[in-house]
Amino acid sequence: MTGRLKDKVAIITGAAGGIGSATGQLFCEEGAKVLLVDRDEPGLNSVVAQIRSAVPSAEIASLTADVSEEASASRIVSTAISTFGRIDVLVNNAGIRAYEALAEAKTETWDAILKTNLLSYAWLTREALPHLRASRGNIVNVSSTHGVNPRAGMGQYDVAKAGIISMTKTLAFEEAAHGIRANAVCPGLTLTPFHLRRAQAEGRTREDLDAEAAHGCLARRWAEPREIAYPILWLASDEASYITATAIMVDGGRFVVG
Ligand SMILES: NC(=O)c1ccc[n+]([C@@H]2O[C@H](COP(=O)([O-])OP(=O)(O)OC[C@H]3O[C@@H](n4cnc5c(N)ncnc54)[C@H](O)[C@@H]3O)[C@@H](O)[C@H]2O)c1
């Protein structure tokens, strides 16, 4: 442990998932106190147990909440404040996926994606801002490589991810006077349990997944969730004190189909 987030308090949403749990563990390893948030209660409980076992000194609280409901934002922030007394870092990371061409895109899918992947970031940020202003803290929003380079078949998701980048930059401009930094991380192919489950359901093997990644980016492989967590950690830490209003591609040099 090197204490890169020593004494900082962080909220991480989507913490039961691949990138969120890796970020939660890394933040704990680096001395942060973390509030892990997810709607998947059993998943959240198992991530908390896993982090406590890997990092016995970890100071963790967890909250089951659906971030796509506006009212969750105040519950999340008040839990962080009542548990830890301050907020230094907000990592908006919760996300869902949908695979509909725009020609068939359903209104309910648009609604779910925009509420979960974009509006939840706006609502939780708005609620946390008074505390982030007090701590001169920062926000790391998890977007996607496809927020910059859209593709066919996931238009609703890619729109939301582009919106996150735009919102991050607006926030950086608006909150700079309060000492707040805001940045986005844009992951590429990151092998999480979600991708493994989806591949299995579609009859694709691990070899198929690896072949997909080999043709998908310069790194020719999937990222481990921890490889996304490290740039999040860096942006959240004081090491990135001069970095704001940016979106960092963490995608192994993703190939873009023109
Ligand atoms: N894995 C990738 O290849 C990849 C690539 C680019 C971007 N991302 C982004 O990274 C983030 C994390 O993705 P991941 O790969 O770890 O996915 P994941 O599916 O493993 O985790 C997402 C987590 O968000 C939670 N969640 C979803 N909707 C929620 C809601 N309404 N309220 C509370 N929690 C909710 C889920 O329960 C899950 O635990 C997402 O925003 C995703 O879009 C992932």
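Residues numbered from 1 in each chain as written. Predicted model: local features only at pLDDT ≥ 70, side-chain atom pairs only at ≥ 80, totals over all residues. Heavy atoms only, no water.

Here the focus is the packing of helix 1 (residues 18–29) against helix 2 (residues 41–54). One can describe the packing of helix 1 onto helix 2 by two numbers: an axis separation of 10 Å at closest approach and a directional angle of 30 degrees. With respect to each other, helix 1 and helix 2 are oriented roughly parallel. For the element pair helix 1 and helix 2, the recorded crossing hand is right-handed. In this structure, helix 1 contributes Ser-21, Gly-24, Gln-25 and Cys-28 to the contact, and helix 2 contributes Val-47, Gln-50, Ile-51 and Ala-54. Class assignment of the residues belonging to the contact of helix 1 with helix 2 gives a composition of four nonpolar, four polar and no charged. (Axes fitted to C-alpha atoms, helices over the stretch in contact; angles between N-to-C directions. Helix = DSSP H or I, 4+ residues; strand = E, 2+ residues; numbered from the N terminus. Parallel < 35°, antiparallel > 145°, perpendicular 65-115°, else oblique. Left-handed = near helix turned anticlockwise from the far one by under 90°. Contact = heavy atoms within 4.5 Å. Nonpolar A, V, L, I, M, F, W, Y, C, P; charged D, E, K, R; others polar.)

Through backbone hydrogen bonds, the strands of a sheet pair up, either in parallel or in antiparallel fashion. Strand order in the open sheet made by the seven strands is 3-2-1-4-5-6-7, with parallel pairing throughout. In this open sheet, the two edge strands, each paired with only one partner strand, are strand 3 (59–64) and strand 7 (246–250). Neighbour-to-neighbour, the strand axes of this sheet turn through a mean angle of 15 degrees, independent of strand direction. For strand 5 (residues 138–142) and strand 6 (residues 181–187), the ladder comprises five bridges, and the chain directions are parallel. Across the sheet, residue Asn-138 finds its bridge partner in strand 6, namely Arg-181. Against the sheet, helix 1 contacts strand 1 (9–13), strand 2 (33–38), strand 3, strand 4 (89–92) and strand 6, and its axis sits at roughly 170 degrees relative to strand 1. (Pairing = 2+ DSSP bridges.)

To continue, consider the layout of surface pockets. By volume, the largest pocket amounts to about 1200 Å³. Elements supplying a minimum of two residues to the lining of the largest pocket: helix 1, strand 2, helix 5 (155–175), helix 6 (193–201) and helix 7 (206–214). The element contributing the most residues to the lining of the largest pocket is helix 6, with five residues. Among the residues forming the lining of the largest pocket, the class breakdown is 17 nonpolar, 18 polar and twelve charged. Computed from the structure, the second largest pocket encloses a volume of approximately 160 Å³. Lining the second largest pocket are 13 residues, and of these Arg-136, Gly-137, Asn-138, Arg-181 and Asp-238 lie nearest its centre. Each residue belonging to the lining of the second largest pocket can be placed in one class, and the counts come to two nonpolar, five polar and six charged. (1 Å grid on protein atoms, 1.4 Å probe; cavity = no way out; pocket = protein on both sides within 12 Å on 5 of 7 lines; lining within 4 Å. Points joined across faces, edges and corners; volume = space filled by probe spheres on them.)

What follows concerns the packing of aromatic side chains. This structure, assessed with the given rule, holds zero aromatic pairs. Positioned above the aromatic ring of Phe-194 is the side chain of Arg-97, whose terminal nitrogen or guanidinium carbon lies 3.9 Å from the ring centre. The ring of Tyr-99 has Arg-198 lying over it, and the distance from NZ or CZ to the ring centre is 3.7 Å. (Phe/Tyr/Trp six-rings, centres within 6.5 Å; stacked < 30°, edge-to-face > 60°. Lys NZ or Arg CZ within 6 Å of the ring centre and 35° of its normal.)

Moving on: the site of the ligand. Neighbouring the ligand are 31 residues; Ile-19, Asp-38, Asp-66, Asn-93 and Tyr-157 lie closest to it. Between the ligand and the protein, one listed contact pairs an oxygen atom with a backbone N or O atom of Gly-18 at 3.0 Å. In the environment of the ligand, an oxygen atom lies 2.8 Å from a nitrogen or oxygen atom belonging to the backbone of Ile-19. Taken by itself the ligand offers 820 Å² of open surface, and the protein chains cover 93% of this. Under a 2 Å grid-point criterion requiring more than half of the atoms, the pocket assigned to the ligand is the largest pocket. The residue makeup of the shell around the ligand, split by class, is twelve nonpolar, 13 polar and six charged. (Near = heavy atom within 4 Å. Polar contact = N/O pair within 3.5 Å; in protein donor to acceptor, adjacent residues only side chain to side chain. Areas by Shrake-Rupley, 256 points an atom, 1.4 Å probe, with all protein chains shown as cover. Sits in = over half its atoms within 2 Å of the grid points.)

Interhelical geometry of helix 3 (residues 72–84) versus helix 4 (residues 107–135) gives an angle of 35 degrees and a closest axis separation of 8 Å. At the point where helix 3 passes helix 4, the crossing takes the right-handed sense. Two secondary-structure elements touch here, helix 3 through Ala-73, Ser-74, Ile-76, Val-77 and Ile-81 and helix 4 through Trp-123, Leu-124, Glu-127, Ala-128 and His-131.

Unlike most non-glycine residues, Arg-136 shows phi in positive territory, near 50 degrees. The exposure class assigned to Arg-136 is exposed, which follows from its relative accessible area of 57%. Phi is positive for Ala-245, which is not a glycine, with a value near 60 degrees. Relative to the helices and strands, Ala-245 is located in the loop between helix 8 (225–236) and strand 7. (Buried < 20%, exposed > 50% of the residue type's maximum accessible area, 1.4 Å probe, protein only.)

Looking now at the pattern of salt bridges. The final tally for this structure, using the stated rule, is 15 salt bridges. Glu-212 is paired through a salt bridge with Arg-204; the nearest N and O atoms lie 2.6 Å apart. Arg-206 serves as the salt-bridge partner of Asp-210, at 3.2 Å between the closest nitrogen and oxygen. Remark: Arg-206 and Asp-210 occur in helix 7; sequence separation between them is four residues, near one turn of the helix. Taking the relative accessible area as the measure of exposure, Asp-210 reaches 33% and is therefore partly exposed. (Salt bridge = Lys/Arg side-chain N within 4 Å of Asp/Glu carboxyl O.)

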